[in-house]
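Understanding the architecture of this molecule
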Amino acid sequence: MEDYPRNLAEFEARFSTEAACREYLVRLRWPDGFRCPRCGGRKDWPVRGLLRQCAGCGYQSSVTAGTIFQDTRKPLTVWFRAMWAVTSQKNGASAIGLQRVLGLGSYDTAWTWLHKLRRAMVRPGRDRLSGRVEVDETYWGSGEKGVRGRQTESKALIVIAAQEDGAGVGRIRMRRIPDASAESLMPFIEEAIEPGSVVHTDGWIGYDPLKRKGYPSPRHISNATKGIGVGVAAASPSGGVSAEAMAAGYAPRCGQPGAPGLLPGRVHLPLQSTKFA
Ligand SMILES: [Zn+2]
């Protein structure tokens, strides 16, 4: 994406037509030239719209297959404008702003687009959380009788990192982990959080390496009965976690009433379902 435009004027000049947007996607998709996904053939011709046909085997591949543009009925120019709107604003775009910029009829559509774009634009290691970040684990799944705390047999253990954003919660990252050991927790933290960020945890031993890894971590000694209660309002067409599922599975063993930086009510950010894989 090195040749992505640097300002609005460049952007407008560059992506004013469907053909220009398509050409850009083609270059992203096949930076070294076309390659047939079926036979590996290198010769192709455009069929119509976003399709390319392999000269060898006749297989038609779409430029947008597997991207957020797949199956879209909106022009690529509109999508590109949306990407520009979302990426060019320091504080991120709002759904209402996107609706205005794109002239979309419905707020719901703008909201869906915004979250689709945000999900698509997060790249591992390139968009790490920073500032003050709360990290905790939670179980995802049905209740298990007689099992407490971090022991579990059948439920999935999820680690969540949530960035503080004023009085609320900003971006979040999550991942399924096999257990709550430092070996499982630290790789996630290092990939999800910028070093130097202040990481709040409940002081579990699995977080002991934090300081050594460059994350200042004030220790919470807590026996609070009230959990953090992250309700995740997720809109994830590809199978996210519902607010109820997350809330129900949340292990009520951490959190420190009155301490700044603990997670309040609800998080209105998209989950990155790929990170569950
Ligand atoms: Zn082929």
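Residues numbered from 1 in each chain as written. Predicted model: local features only at pLDDT ≥ 70, side-chain atom pairs only at ≥ 80, totals over all residues. Heavy atoms only, no water.

This paragraph deals with the confidence of the model for the protein. The predicted model of the protein has a mean per-residue pLDDT of 72, with 69% of residues at 70 or higher. The low-confidence segment residues 221-277 (pLDDT under 50) makes 116 contacts with residues lying over four places distant or belonging to another chain. (pLDDT = per-residue confidence, 0-100. Contact = heavy atoms within 4.5 Å.)

Where helix α2 (residues 18-29) contacts helix α3 (residues 76-88), the two axes come as close as 8 Å, and the packing angle between them is 65°. Judged by the angle between their axes, α2 and α3 are roughly perpendicular. Residues Glu18, Cys21, Arg22, Tyr24 and Leu25 of α2 form the contact with α3, whose participating residues are Leu76, Thr77 and Phe80. Looking at the contact of α2 with α3 residue by residue, the class counts come to 5 nonpolar, 1 polar and 2 charged. (Axes fitted to C-alpha atoms, helices over the stretch in contact; angles between N-to-C directions. Helix = DSSP H or I, 4+ residues; strand = E, 2+ residues; numbered from the N terminus. Parallel < 35°, antiparallel > 145°, perpendicular 65-115°, else oblique. Nonpolar A, V, L, I, M, F, W, Y, C, P; charged D, E, K, R; others polar.)

In this structure, Cys36 (SG), Cys39 (SG), Cys54 (SG) and Cys57 (SG) serve as the protein donors to the zinc ion, at separations of 2.3 Å. Coordination at the zinc ion is tetrahedral, judged from the 4 donor atoms that bind it and the angles of 101 to 115° they form at the metal. Expressed as a motif, the donor residue spacing for the zinc ion is C-x2-C-x14-C-x2-C. Of the two residues, cysteine 39 is situated in the loop between α2 and β1 (44-46) and cysteine 54 in strand β2 (residues 51-54); the sequence distance between them amounts to 15 residues. On the accessibility criterion, cysteine 54 (1% relative accessible area) is buried. (Donors = N, O, S within 2.8 Å, 3.2 Å for Na, K, Ca; no water. Tetrahedral: all angles 85-135°; square planar, octahedral: opposite > 155°, others 65-115°. Buried < 20%, exposed > 50% of the residue type's maximum accessible area, 1.4 Å probe, protein only.)

Pairing between side chains of opposite charge can happen when their charged atoms approach one another. Across all of its chains, the model carries 6 salt bridges by this definition. Salt-bridge contacts for arginine 175 lead to glutamate 191; the nearest nitrogen and oxygen are separated by 2.9 Å. Here glutamate 191 lies in helix α6 (residues 182-192) and arginine 175 lies in strand β6 (residues 168-177), a separation of 16 residues in the sequence. Look at glutamate 191 and you get partly exposed, because its relative accessible area is 40%. One salt bridge connects glutamate 190 with lysine 213, and the closest N-O pair in it is separated by 3.6 Å. With glutamate 190 in helix α6 and lysine 213 in the loop between β7 (198-200) and β8 (231-232), this pair connects stretches of sequence that are 23 residues apart. Because the salt bridges share partners, they merge into one network encompassing Glu23, Asp44 and Arg52. (Salt bridge = Lys/Arg side-chain N within 4 Å of Asp/Glu carboxyl O.)

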